[in-house]
Amino acid sequence: MPTTKTAMVTIAGRPNVGKSTLTNALVGEKIAIVSNKPQTTRNRIYGVVNRGDTQYVLLDTPGLHKARTRLGDYMVKVVRQSVADVDCVCLLVEPIPHVGTPEQLLIDRIREEKLPAILLINKIDTVEKDSLLSVIAAYSEAYNFDAVIPISAQTGDGLDLLMEQLSHYAAEGPQLFPDGMTTDQPERQIIAEIVREKLLRNLDKEIPHGTAIEVTRFTERDSGIIDLDVTIYCEKASHKGIIIGKHGAMLKKISSEARQEIEGFMGTKVYMETWVKVKENWRDNVNYIRSFGYDEE
């Protein structure tokens, strides 16, 4: 069926509420990295879902948080820009009967832009159904949402209902992305993000948040095998030691997990060499932030 309608949809919410898990579930494949640490998503990521005659373009945004670094400022700016010029905003919240500060800020932004909005109460697989009524009541007082849909991004519960609701915002227009394309992210960026996800999953506390990944070589042999050189930048020499680990064990583990996932993503064998370098306070240096692809100016 040819695409004749499109809908641009922002998925917004506080850090760690499940925005990337939801985007991946709707797209049907992993395009955004997921971890149980906040601020996993740094950039705005476009996910593309084609259903019937409609193309839905989903904007998965960084969680809205109090910025402590230049990179943090950039992430907050991305959220503010994403909640504008779209057909609908999905506000993703935890099943808690209280409107928190990040949610209130997003509701204020939605009101400012006069945008249609859907409230998505995520993680319903973790609570009793009866407790959702008080959550709905708290948010209904804060804003007049077009719809309130309890979902579980993890199990897929409620997602068909969400897609049905999103179809109301589709407008006549050409498709924005070609068939078969599920994200606007270049391959290098996805590879870098996969490596960063493994750092988030394997390392503690602040260390993974102070890392940036650069794919310095990406070549394909005639046989289809891909050779990658990847540099992990961190902020302190002590962090470098922790990332490398005793006898290189941690770096080996991170690289091996990343390589396996990259092979699945690329559909071919991958040889990957990984280095760790120190760039002190890069998160407060505009030039570094820009060189790692985090600045849209």
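Structure first, text after, so check above.
Residues numbered from 1 in each chain as written. Predicted model: local features only at pLDDT ≥ 70, side-chain atom pairs only at ≥ 80, totals over all residues. Heavy atoms only, no water.

Peer 1: Outline the sheet that holds strand β10 (residues 270-278), supporting the account with residue identities and numerical values.
Peer 2: Taken in spatial order, the three strands of this open sheet run β8-β9-β10, and their pairing is mixed. Where the open sheet ends on each side, the last strands, each with one partner, are β8 (212-220) and β10. Adjacent strand axes in the sheet meet at a mean angle of 15°, parallel and antiparallel pairs treated alike. With eight bridges joining them, β8 and strand β9 (residues 226-234) adopt antiparallel strand pairing. Its bridge partner lying in β9, Thr219 is registered against Asp227. Sitting on the sheet, helix α8 (residues 249-266) is in contact with β8, β9 and β10, with an inclination near 135° to β10. (Pairing = 2+ DSSP bridges. Helix = DSSP H or I, 4+ residues; strand = E, 2+ residues; numbered from the N terminus. Axes fitted to C-alpha atoms, helices over the stretch in contact; angles between N-to-C directions. Contact = heavy atoms within 4.5 Å.)

Peer 1: Just give me the short version of the packing of aromatic side chains, but keep the residues and values in it.
Peer 2: Per the counting criterion, the structure on display carries one aromatic pair. Seen from their ring centres, Tyr143 and Phe145 are 5.1 Å apart, and the 70° between their planes marks the pair as edge-to-face. You'll find Tyr143 and Phe145 in the same group, each marked buried. The ring of Tyr233 has Lys279 sitting right over it, with the charged end atom 4.6 Å from the ring centre. (Phe/Tyr/Trp six-rings, centres within 6.5 Å; stacked < 30°, edge-to-face > 60°. Buried < 20%, exposed > 50% of the residue type's maximum accessible area, 1.4 Å probe, protein only. Lys NZ or Arg CZ within 6 Å of the ring centre and 35° of its normal.)

Peer 1: How would you sum up unusual backbone geometry? Please name residues and give values.
Peer 2: A positive phi angle, close to 65°, is found at Lys123, a residue other than glycine. The residue Lys123 is located in the loop between β5 (117-121) and α4 (132-142) in this model. The phi dihedral of His247 falls on the positive side, at around 55°, and the residue is not glycine. Within the element layout of this structure, His247 appears in the loop between α7 (237-244) and α8. Classification of His247 as exposed rests on a relative accessible area of 76%.

Peer 1: Report on helix α3 (residues 101-113), specifying residues and quantitative values.
Peer 2: At 3.6 residues per turn, the α-helix brings residues three or four places apart onto the same side. The end-to-end C-alpha distance of α3 is 18 Å, a good match for the 18 Å that 13 residues give at a rise of 1.5 Å each. Residues of α3 that are buried include every one of Pro102, Glu103, Leu106, Ile107, Arg109 and Ile110, and no others. For α3, the angular spread of the buried residues around the axis is 160°, confining them to a single face. Of the residues trailing α3, Lys114 is marked for its positive phi of about 55°. (Expected span 1.5 Å × (residues − 1). Arc of directions from axis to C-beta.)

Coordinates in, geometry out; function isn't part of it.
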